[in-house]
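The lines below spell out each chain.
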Amino acid sequence: MDFSHQLSQYLLSGLATGAIYALIGLGFAIIYNSTGIINFAQGEFVMLGGMFGVYFYEILKFPLAAALLLAVLCAAASGVIFERLAIRPLRRATPLGLVIITIGGSILVRGIAMLVWGKDTHALPTFSGDTPIALAGATLLPQHLWIFALTVLLIAVNKLFFQFTITGKALRACAVNRRAAGLVGIDVRRMTMFSFLLASGMGALAGIIVAPLTMTSYDVGIMLGLKGFCAAIIGGMSNGIGTVLGGLLLGVLESLGAGLISSGYKDAITFIILLLILFLRPQGLFSRGDSERV
Amino acid sequence: MRRELLKFALFALVVLTVPATIKGGYLLNVLVYVGINTMLAVALNLLLGFAGQISLGQAAFYGLGAYISGVLTASHGWNPWLSLAVAALAVGVLAFVIGFPILKLKGHYLAMATLGFGIIVYIVFNEFVDVTGGPSGLPGIPGMSFGSLRFDSDLKSYYLIWSAALLVMLLAVNLAHSRIGRALRAIHDSEVAAQVLGVNARLLKVQIFTCSAVISCVAGSLYAHTVTFVSPSTFGFHFSVELVTMVIIGGLGSIYGSFLGAALLTLLPEFLRAFQDYDIVVYGLLLIVMTMFMPGGLVQGAETLWRALRRLWPGRAGQDA
């Protein structure tokens, strides 16, 4: 295999992982924009998606499509329960308190998953076979196509939802100013709950479509969550195209780094990028600077 | 301040006489770990409790101390004390340099940046196999010695570790009641207000971050020379969260609280074998429940409870007043 083929292989698999990061990152951005909270537990809902999928498919022997749908619903419901039990009771929460609560929530969810499902690694079957497809000198699995298709679909639906539905507009209003949104009759608390529902649902879907390729276990949530966060940071916490580009960029850089430099340091590359962005351009790569509010 | 010193002297007296009252090396061995974790918790508390800046990467500084000491002594034959000093100096410089960009960040961003730093260091411990021994660890680290006195028994280690821990606590008590301590608390409440009052918030935050990192690093060196073996799994993200839990349980800004938190989280798993599998669930629950219902931590919670009890007992309250 010559170098250009190798390169296109890294690019394609990088884009596929990047799409996953983008979906997770969108979840971060949705919650952050409507509540001002960075949900450290976001990665755990990605894990829950994959693990619920395995549970329904492998143990309860549901048909694949039904199992996956149920898994997304269950993970989204867990997101709502999490918001109801851990976030809503906090009044006058400091940012520090919220960080600690969501970290506590994330290790609690991870711990419960470990107790219920054990420490084993599981895999979901690929959605439509394992016959490789050759594309531009690189090899692609049908699962990669599923990832691309579902990501594009989800981003489009997301965009339409925020642009045209009344709930989507209400969520955007909360992002601009929560108090003003409340004054014009938007139920801000319901919107907070709704943003957790959306974010955990999207995260869960990401967890499900990647599980056939990378396997899943109770502790995949930390890394996936952090990478999603990194994507959202690169995108400047926008719940639109910025985060998607951030995710794709991250995925490609990581894949190139793993292929050309060292696979052991693959994850370190992500975090070096994260630190650089936080240090140099905390407002994200694609947005203009915003003045700091005190 | 005098009362504080008296309180500290009493605490030190208890700590130093404890080994006389217990038999069996096992408990003593556990108490050595309580000492190390107390140092780490107090160090984090300086940053988290006083200055209000979270760090989810404390385990990295602890690990750097352990690994630098371990590698210099086990692979290069250095004197343990010299390697401890070199490690502290190196980590101090590192923390000071990265402190400026990191502490410019606030809240969630600060948490994520320190977390990212912690994970990078953890990956290096695992992947830099030629130097660190990789995931299987670094064996054969020599114990500490002082002239002809070798710290080779649990009892001797106890006194070595606890002398260091008491020193760190004394430093923290002093700091809390100094001008710097007040400035830090001002930053905690409002950074802008503190700056308006003439506090150089940016520099002070970096200084306390560096101070906290160096203490953690020294604790790491002492750990390496006491256990004589280090492996990456001790210094992961999980341990950073555990340290935050210790500080939160004890109470933000409470030095004896940090000791209490460290003691609880170190002793519980030892005495509840069943705790082993559930520890992660328990930490999660503790973090949520404490932040929600007892944000001041155990020490403050006990004080509130005590006052409430006294109010229920009017006769005694009258006598006290």
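Every value quoted in this text rests on a predicted model; they were computed, and no experiment measured them.

A tally of regular secondary structure across chain A gives 11 helices and 2 strands. For chain A, the succession of helices and strands along the chain, N to C, is α-α-α-α-β-β-α-α-α-α-α-α-α. Relative to the compact-globule value of 19 Å for 294 residues, chain A shows a C-alpha radius of gyration of 19 Å, a close match. Taking the principal axes of the C-alpha coordinates as reference, chain A spans close to 60 × 45 × 35 Å. Looking at the 294 residues of chain A, the share that counts as buried comes to 50%.

Every contact between the two is made by 32 residues of chain B and, on the other side, 34 residues of chain A. For the side of chain B that touches chain A, the secondary structure elements donating two or more residues are helix H5 (107-127), helix H11 (237-250) and helix H13 (275-293) of chain B. Counting residues per element, the side of chain B that touches chain A draws most heavily on H5(B), at 12 residues. Here the residues of the side of chain B that touches chain A are counted per class, giving 24 nonpolar, 6 polar and 2 charged.

So, about the confidence of the model for chain A. Averaged over chain A, the pLDDT score is 87; the fraction of residues at 70 or greater is 96%. Low pLDDT, under 50, characterises residues 289-294 of chain A; the predicted model gives this stretch 3 contacts beyond four residues in sequence or across chains.

Take the environment of Met202(A) next. Residue and element names in this part refer to chain A. Locating methionine 202 in the fold gives a position in helix H8 (residues 188-214). Sequence separation between methionine 202 and leucine 154 is 48 residues; the distance between their C-alpha atoms is 8.2 Å. Once you skip the residues sitting within four places of it in the chain, methionine 202 turns out to touch Leu23, Leu26, Gly27 and Leu154.

All names here are of chain A. Running from amino to carboxyl end, helix H2 (residues 42-59) crosses helix H4 (residues 95-117) at an angle of 15 degrees, the nearest separation of the two axes being 10 Å. Relative to H4, the element H2 lies roughly parallel. Regarding H2 and H4, the two cross each other, and that crossing is left-handed. Two secondary-structure elements touch here, H2 through Gly43, Glu44, Met47, Leu48, Met51 and Tyr55 and H4 through Ser106, Val109, Arg110, Ala113 and Trp117.

Residues and elements named next belong to chain A. On the secondary structure map, tyrosine 55 appears in helix H2. Sequence separation of tyrosine 55 and isoleucine 81 is 26 residues, and the distance between their C-alpha atoms is 20 Å. Excluding its chain neighbours within four sequence positions, the residues that come into contact with tyrosine 55 are Leu60 and Trp117.

Residue and element names in this part refer to chain B. Scored by pLDDT, chain B comes out at a mean of 88, with 96% of its residues at no less than 70. Here residues 317-321 is modelled with pLDDT under 50, and outside its nearest four sequence neighbours on either side it reaches 2 contacts, counting other chains as well. If you check the scores for this complex, the pTM reads 0.87 and the ipTM reads 0.83.

Further remarks concern unusual backbone geometry. In terms of backbone geometry, most residues other than glycine have negative phi values and most peptide bonds are trans. Residue and element names in this part refer to chain A. We note that lysine 61 has phi near 55 degrees; this positive angle belongs to a residue other than glycine. Along the chain, lysine 61 falls in the loop between H2 and helix H3 (64-87). Phi at methionine 215 takes a positive value of approximately 70 degrees, unusual for a residue other than glycine. Note on placement: methionine 215 falls in the loop between H8 and helix H9 (221-234).

The next thing to look at is helix H7 (residues 154-176) of chain B. In an α-helix, one full turn covers 3.6 residues, which means residues spaced three or four apart are oriented alike. All names here are of chain B. Under the 1.5 Å per step criterion, the end-to-end length of H7 is 32 Å for 23 residues, consistent within 8% with the ideal 33 Å. The complete set of buried residues in H7 reads Ser157, Tyr158, Leu160, Ile161, Trp162, Ala165, Val168, Met169, Ala172, Val173 and Ala176. Contact partners of the buried residues in H7: helix H1 (2-21), helix H2 (25-50), helix H8 (179-189), helix H10 (201-227) and helix H12 (255-271).

Quick look at the packing of helix H11 (residues 266-280) of chain A against H5(B) now. Two elements in contact, H11(A) and H5(B), have axes separated by 9 Å at closest approach and are oriented at 145 degrees. Crossing handedness for the pair H11(A) and H5(B): left-handed. In this structure, H11(A) contributes Asp267(A), Ala268(A), Phe271(A), Ile272(A), Leu274(A), Leu275(A) and Leu278(A) to the contact, and H5(B) contributes Tyr109(B), Ala113(B), Gly116(B), Phe117(B), Ile119(B), Ile120(B) and Ile123(B). Its residues assigned to classes, the contact of H11(A) with H5(B) shows 12 nonpolar, 1 polar and 1 charged.

All names here are of chain A. On the secondary structure map, valine 80 appears in helix H3. Classification of valine 80 as partly exposed rests on a count of 15 C-beta atoms within 10 Å. Measuring from C-alpha to C-alpha, the distance between valine 80 and methionine 215 comes to 26 Å, with 135 residues separating the pair along the chain. If near-sequence neighbours (up to four positions away) are discounted, valine 80 is found in contact with Met193, Phe196 and Leu197.

Parameters and conventions
- Residues numbered from 1 in each chain as written.
- Chains lettered and ligands numbered in written order.
- Predicted model: local features only at pLDDT ≥ 70, side-chain atom pairs only at ≥ 80, totals over all residues.
- Helix = DSSP H or I, 4+ residues; strand = E, 2+ residues; numbered from the N terminus.
- Rg over C-alpha atoms; globule rule 2.2 N^0.38 Å.
- Buried ≥ 20, exposed ≤ 12 C-beta atoms within 10 Å, placed from the backbone.
- Contact = placed C-beta atoms within 7 Å.
- Nonpolar A, V, L, I, M, F, W, Y, C, P; charged D, E, K, R; others polar.
- pLDDT = per-residue confidence, 0-100.
- Axes fitted to C-alpha atoms, helices over the stretch in contact; angles between N-to-C directions.
- Parallel < 35°, antiparallel > 145°, perpendicular 65-115°, else oblique.
- Left-handed = near helix turned anticlockwise from the far one by under 90°.
- Expected span 1.5 Å × (residues − 1).

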